[in-house]
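Examination of the molecular architecture
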Amino acid sequence: MKPVIVVHGGAGRIFKEREEGSRAGVVRAALRGYGILKQGGSALDAVEEAVRSMEDDPHFNAGCGSVLNEKGEVEMDAIIMDGKNLDSGAVAAVKCIANPIKLARLVMEKTKHMLLTDHGARLFAQAMGVPETPEEKLITERSRERWRKNLEPDSNPEEFQKDLGTVGAVAIDCEGNVACATSTGGLSNKLIGRVGDTACIGSGGYADNRSGAASTTGHGESIMKVVLARLILYHVEQGMSPEMAADTALDYMKTRVGGLGGVIVVNSSGEWAARFSTKQMSWATVKDDQLHYGIYAGERHTKSVDEALTSESG
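Nothing here was measured: the structure is a model prediction, and the numbers come from that model.

Each value, and the rule that gives it
Residues numbered from 1 in each chain as written. Predicted model: local features only at pLDDT ≥ 70, side-chain atom pairs only at ≥ 80, totals over all residues. Heavy atoms only, no water. Axes fitted to C-alpha atoms, helices over the stretch in contact; angles between N-to-C directions. Helix = DSSP H or I, 4+ residues; strand = E, 2+ residues; numbered from the N terminus. Parallel < 35°, antiparallel > 145°, perpendicular 65-115°, else oblique. Left-handed = near helix turned anticlockwise from the far one by under 90°. Contact = heavy atoms within 4.5 Å. Nonpolar A, V, L, I, M, F, W, Y, C, P; charged D, E, K, R; others polar. Pairing = 2+ DSSP bridges. Core = buried A, V, L, I, M, F, W, Y, C linked by side-chain atoms within 4.5 Å. Buried < 20%, exposed > 50% of the residue type's maximum accessible area, 1.4 Å probe, protein only. UniProt positions renumbered as here; feature names shortened; annotations may be inferred. 1 Å grid on protein atoms, 1.4 Å probe; cavity = no way out; pocket = protein on both sides within 12 Å on 5 of 7 lines; lining within 4 Å. Polar contact = N/O pair within 3.5 Å; in protein donor to acceptor, adjacent residues only side chain to side chain. Points joined across faces, edges and corners; volume = space filled by probe spheres on them. Salt bridge = Lys/Arg side-chain N within 4 Å of Asp/Glu carboxyl O.

This part covers the packing of helix α9 (residues 228-237) against helix α10 (residues 242-257). When two helices pack together, their arrangement is given by the angle between the helix axes and by the axis-to-axis distance. In the contact formed by α9 and α10, the axes pass within 8 Å of each other and the chain directions differ by 135°. In terms of their interaxial angle, α9 and α10 are classed as oblique. As for how α9 packs across α10, the hand of that crossing is right-handed. Contact residues: α9 offers L228, L231, I232, H235 and V236, while α10 offers P242, A245, A246, T248, A249, L250, Y252 and M253. Of the residues belonging to the contact of α9 with α10, the class tally is eleven nonpolar, two polar and no charged.

The structure is reproduced here in structure tokens:
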């Protein structure tokens, strides 16, 4: 099996001055994940590494760069899933963790549970020796500025939700195993304790070797209503291509509940798609040593992996 990785940096509106950083961030993440797959590594390791790379990048709403809740705090959600045996681990409303995706994987591998939240997730992180990161280190000036703006009496937080930036990755490895990973800081100025689609299995992500893997981004409450990731893979199981399955599910979400979003998909034979109903979504994929990436509908740049790695190290 030829390995494939696809990543997204969130669907919504990407402001002009942030486009370059978003493109560079998804490209870097895809190359890192693909590096693991190329050496015979697992899809699980590849998606975790790709998402970790974006959690560390302040351009995205995950890890460092997460948006703030109504009290001005960072609360993050993440999920990871292994298509081989349907094992999954997730964390919700976690604070002071640099890489929630790492903690989600520990939940999957070191507990009998699938989802830990808030205080319990923090205690588990301590037990696992995961270092705490001071909250200030996760908060960017941009997030703080947006939080302040949303507190103004005539503000419209809904307007600001459009620049979301949840991150995710899906992959298939040499052995034909698929995996997905998704991580987010959630909605700006959300209620304390609000958990969106990301940490919910079947909504924020799903992976099953029999069909493929999907990771979603967009308006969390809408995604949860239609269980978007699982819905896409259901369409794949019915014989649709990843692209058609993604478009059909996004269209259903839009007509049924008025929700917009984006998805990345890889099926069990290595075909992939990156589709969105929002204005933009940053995405990148590597297959057959070719890197493809874009932000706008219809935009697709292509480079060889060698060329991309050279400009990366440059």
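Another point: the sheet that holds strand β10 (residues 272-276). The sheet built from four strands is open, its strands ordered β7-β8-β9-β10 with antiparallel pairing. What marks the edges here is a single partner per strand, and that holds for β7 (205-208) and β10. The sheet shows a mean angle of 10° between the axes of neighbouring strands, direction not considered. Where β7 lies against strand β8 (residues 212-218), four bridges are found, and the strand directions are antiparallel. When the sheet's bridge partners are listed, Y206 is paired in β8 with A214. Contacts from α9 reach β7, β8 and β9 (261-267), with the element oriented near 140° to β8.

Okay, the nonpolar core next. Counting 50 residues, the largest nonpolar core has I5, V7, I80, L103, A284 and V286 as its most contacted members. Once residues lying within four places of it in the same chain are set aside, the contact partners of V7 are V26, A29, A30, A50, M54, G168, A169, I264, S282, W283 and A284.

Running from amino to carboxyl end, helix α1 (residues 16-38) crosses helix α2 (residues 43-55) at an angle of 155°, the nearest separation of the two axes being 8 Å. By the criterion of interaxial angle, the relationship of α1 to α2 is roughly antiparallel. For the pair α1 and α2, the crossing hand works out as right-handed. Where α1 approaches α2, its residues G25, V26, R28, A29, R32, G33, I36 and L37 are matched on the opposing element by A43, D45, A46, E49, A50, R52, S53 and M54. Each residue belonging to the contact of α1 with α2 can be placed in one class, and the counts come to eight nonpolar, three polar and five charged.

Here the focus is the pairing of strand β5 (residues 167-172). With respect to burial, β5 is a largely interior element, six of its six residues being buried. Taken together, the six bridges between β5 and strand β6 (residues 178-184) define a ladder with antiparallel strand orientation. Across the sheet, the residue bridging to A169 is A181, located in β6. The hairpin formed by β5 and β6 contains five residues between the paired strands, and G176 there has a positive phi angle of roughly 85°.

Another point: the UniProt feature "binding site: substrate" (unreviewed entry) in the protein chain. Taking the UniProt record as the reference, the feature "binding site: substrate" (unreviewed entry) is found at R194, V195, G196, D197, T217, G218, H219 and G220. As for the lining of the second largest cavity, the annotated residues named previously contribute R194, G196, D197, G218 and G220. Note on placement: T217 falls in strand β8. Residue T217 is classed as buried on the basis of its relative accessible area of 1%. Only 2.9 Å separates the side chain of T217 from the backbone nitrogen of A11, close enough to count as a polar contact. Its location among the elements puts G220 in helix α8 (residues 220-226).

Moving on: the layout of surface pockets. Of the voids in this model, the second largest pocket is the one considered here, and its volume is about 250 Å³. Taken together, 13 residues form the lining of the second largest pocket, with E243, A274, R275, W283 and G298 sitting closest to its centre. When residues of the lining of the second largest pocket are traced back to their parent elements, those giving at least two are α10 and β10. Element by element, the count of residues in the lining of the second largest pocket is highest for β10, at five residues. For the lining of the second largest pocket, a count of residues per class yields seven nonpolar, one polar and five charged.

Applying the stated rule across the entire model yields 23 salt bridges. Notably, a salt bridge pairs R105 with E48, separated by 2.9 Å at the nearest N-O pair. With R105 in helix α3 (residues 100-110) and E48 in helix α2, this pair connects stretches of sequence that are 57 residues apart. Of the two residues examined, R105 and E48, each falls in the buried class. If you follow the salt bridges from partner to partner, you end up with K16, E19, E20, R23 and E299 in one network.

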